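Examining the three-dimensional arrangement
The residues making up each chain are set out below.
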Amino acid sequence: MQTNQQSLNAQATKQQSQIEAAHWSGVFAMSLCVFALIASEFMPVSLLTPIASAFTVSEGLVGQGIAISGALAVITSLLIPVIAGGLDRKYLLLGMTALMGVSGAVIALSGNYFTYMLGRALIGVVVGGFWSMSAAAAMRLVPAHKVPRALAIFNGGNALAMIVAAPLGAYLGAVIGWRGAFFCLVPLSVITFAWQWRSLPLMPVESSANKSNPALQVIGLLARRYVLIGSLAVGMFFMGQFVLYTYLRPFLETTVGASVETISTILLIIGAAGFVGTSLVNRVLSISINKTLIVIPMLMAVIALLIVSLQSALLPVAILLALWGFIATAAPVGWWAWLTNNLPDDAEAGGGLLVAVIQLSIALGSTLGGVLYDAGGYAITFGCAAFILSVAAVLAAMSARAGQ
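Residues numbered from 1 in each chain as written. Predicted model: local features only at pLDDT ≥ 70, side-chain atom pairs only at ≥ 80, totals over all residues. Heavy atoms only, no water.

**Remarks on empty space enclosed by the protein**
Heads up, the rule is: The distinction between a cavity and a pocket rests on a 1 Å grid over the protein atoms alone: a 1.4 Å probe fits inside a cavity but cannot get out, while a pocket stays open yet meets protein on both sides within 12 Å along at least five of seven lines, and a residue with an atom within 4 Å of a point counts as lining. Grid points are joined across faces, edges and corners, and a volume is the space filled by probe spheres set on the points. Strands are runs of DSSP state E lasting at least two residues, helices are runs of H or I lasting at least four, and both sets are numbered from the N terminus onward. In the scheme used here, Gly and all other residues not listed as nonpolar or charged are polar, with Ala, Val, Leu, Ile, Met, Phe, Trp, Tyr, Cys and Pro taken as nonpolar and Asp, Glu, Lys and Arg as charged.
Tallied over the full model, the rule gives two cavities of 30 Å³ or more. Taken together, Asn 290, Leu 293, Trp 335, Trp 338, Ala 396, Ser 399 and Ala 400 make up the full set of residues lining the largest cavity. Of all the secondary structure elements, the ones that give two or more residues to the lining of the largest cavity are helix 13 (289–310), helix 15 (331–342) and helix 17 (378–403). It is helix 17 that provides the largest number of residues to the lining of the largest cavity, a total of three residues. A per-class count over the lining of the largest cavity returns five nonpolar, two polar and no charged. Of the pockets and cavities examined, the second largest cavity occupies roughly 30 Å³. Taken together, Phe 42, Ala 161, Met 162, Ala 165, Ala 166 and Tyr 245 form the lining of the second largest cavity. Broken down by element, the residue count for the lining of the second largest cavity peaks at four residues, all from helix 7 (residues 147–183).

**Quick look at the packing of helix 5 (residues 89–108) against helix 6 (residues 113–141)**
To describe two helices that pack against each other, one gives the angle between their axes and the distance between the axes. Our working rule: For helices, the axis comes from a line fit to the C-alpha atoms of the stretch in contact; other axes are also lines fit to C-alpha atoms, and the angle between any two N-to-C directions lies between 0 and 180 degrees. Note on terminology: angles under 35 degrees are roughly parallel, angles over 145 are roughly antiparallel, angles of 65 to 115 are roughly perpendicular, and the others are oblique. Note on convention: near helix rotated counterclockwise from far helix by under a right angle means a left-handed crossing. Clockwise means right-handed. By the convention used here, residues are in contact when the closest approach between their heavy atoms is within 4.5 Å.
Running from amino to carboxyl end, helix 5 crosses helix 6 at an angle of 155 degrees, the nearest separation of the two axes being 8 Å. Judged on the interaxial angle alone, helix 6 and helix 5 are roughly antiparallel. Helix 5 and helix 6 meet at a crossing whose hand is left-handed. On helix 6, the residues touching Arg 89, Leu 92, Leu 93, Met 96, Leu 99, Met 100, Val 102, Ser 103, Val 106 and Ile 107 of helix 5 are Thr 115, Tyr 116, Gly 119, Arg 120, Leu 122, Ile 123, Val 125, Val 126, Gly 129, Phe 130, Met 133 and Ala 137. Residue composition of the contact of helix 5 with helix 6, by class: 16 nonpolar, four polar and two charged.

**Overview of the pattern of salt bridges**
Note the threshold: Between Lys or Arg on one side and Asp or Glu on the other, a salt bridge is scored when a side-chain nitrogen of the former is within 4 Å of a carboxyl oxygen of the latter. Using a 1.4 Å probe on the protein chains alone, a residue whose accessible area is under 20% of its type maximum counts as buried, one over 50% counts as exposed, and one in between counts as partly exposed.
Throughout the structure, instances matching the rule amount to one salt bridge. A salt bridge links Arg 249 to Glu 253; the nearest nitrogen and oxygen atoms lie 3.3 Å apart. Of the two residues, Arg 249 and Glu 253 both sit in helix 11 (residues 248–256), four residues apart, roughly one turn of that helix. By relative accessible area, which is 24% here, Glu 253 ends up partly exposed.

**Section: helix 3 (residues 48–55)**
Condition: The directions from the helix axis to the C-beta atoms form the arc being described.
Of all the residues in helix 3, the buried ones are Leu 48, Ile 51, Ala 52 and Phe 55. One side of helix 3 carries all its buried residues, which in axial view fall inside an arc of 100 degrees. Once helix 3 finishes, Thr 56 follows within two positions and takes phi at roughly 50 degrees, a positive value.

**Quick notes on the packing of aromatic side chains**
In plain terms, the rule: Ring geometry is summarised as follows: Phe, Tyr and Trp rings, the Trp one being its six-membered ring, pair when their centres sit within 6.5 Å, and such pairs are stacked at plane angles under 30 degrees, edge-to-face over 60 and tilted between the two.
Per the stated rule, a full pass over the model turns up 13 aromatic pairs. Considering the side-chain rings of Phe 251 and Tyr 378, the 5.0 Å spacing of their centres and the 45 degrees angle between planes classify their relative orientation as tilted. Of this pair, Phe 251 sits in helix 11 while Tyr 378 is found in helix 17, placing the two residues 127 residues apart along the sequence. Taking relative accessible area as the criterion, Tyr 378 reaches 14% and is therefore assigned buried.

**As for the side chain of Ser 189**
Looking at the element boundaries, Ser 189 is found in helix 8 (residues 185–199). A relative accessible area of 3% means that Ser 189 is categorised as buried. Sequence-distant contacts of Ser 189, defined by excluding residues within four places in its chain, comprise Thr 97, Met 100 and Gly 101.

**Side note on the environment of Leu 320**
Looking at the secondary structure, you find Leu 320 in helix 14 (residues 314–328). Overall, Leu 320 belongs to the buried group, its relative accessible area being 12%. Separated by 18 residues in the primary sequence, Leu 320 and Val 302 have C-alpha atoms spaced 9.9 Å apart. Discounting chain neighbours no more than four positions away, the residues touching Leu 320 are Ile 303, Leu 306, Ile 307 and Leu 310.

**Some thoughts on a nonpolar patch on the surface**
Put simply, the rule is: Like charges are joined within 9 Å and nonpolar side chains (Val, Leu, Ile, Met, Phe, Trp, Tyr) within 5 Å, but only among residues with over 30% relative accessible area and no salt bridge; these make up the patches. Residue exposure ignores everything except the shown protein chains as possible cover, and the areas themselves are Shrake-Rupley values with a 1.4 Å probe.
The grouping of Ile 75, Leu 78, Leu 79 and Ile 83 at the surface amounts to a nonpolar patch, some 360 Å² of accessible area in total. Relative to the assigned elements, Leu 78 resides in helix 4 (residues 59–84).

Function cannot be inferred from these measures alone, as they are strictly geometric.
Next up, the structure:
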């Protein structure tokens, strides 16, 4: 009898182990999707100049491609639960992945500026839809106690893309042209689609998922003062960051006089520094989340002003940009920690709010940066970024005080 019981226990343990390990392949497939998605979203940063030349428009107008993707991401993140309805989330994720490939093809084959912007709008839909479902998908793929690890793997794809996307885009743009660089995203999307098809389980919508309106949940969260101020702080941070970051290539090319190879190297250094910062930021967050979120935008504002003062000094500018990447790439980890710390019972609605605020701010930041860069050059653009980041630091301090 004891032997039978031991056999049953061993079988149960084996089955539980199989359940826990069953969908890790799906987690890594999602991480590859994150990599392709982030690479698609920010590829224009390293290709502004050749795209602008091809369409005979300014770099500022090409930069609006990031703005339109951010705007569509905001709308999609808020409406995707309503639009998708009862569609199984596996097929919804597959549809988003297919749309990502279509976006890359549309941009690569675009014959004019309007078609280019259409392709950028499509990637915005994918960004908003995917990120709004990412946390819920992780909860369906692995047991509850493994969800943080799954989310960390997702963000690993994000960190890797931030390292290689911009410099690889600049390199491919020099070797096979900017159209070829974007077309490389198509086979990557196909590989991701096939992997997700095989590895993701069916994820039917639970009946309770449609009982509340996501938009009303977000409005309810914003009624809390510290959430409202914190959301404004998040928005100002990402807005200030992308006022500067979107127009790094034309600054390095025209003001600093850097070659394409040098620009690729600088962008690679920024990404690598960001990867290191993301790996280390948890140590700082364990001391104080609020203080970290105050100090980060303050340091970035100082860096922006120092870059303006140094003008065409290549080596000091490169060092400052590496420090910028080290700090800026780690900041989103802090804001997600702020979310789980302040809204433990409303993490899903709070996540949707955070995605919408971040994408809207990226759109506004790249739009404002484009207008300023075309009108007054890099000095006024980077100076404005410093001011906005300073406001973000003040708002982060106010949110911390309101939360207490």
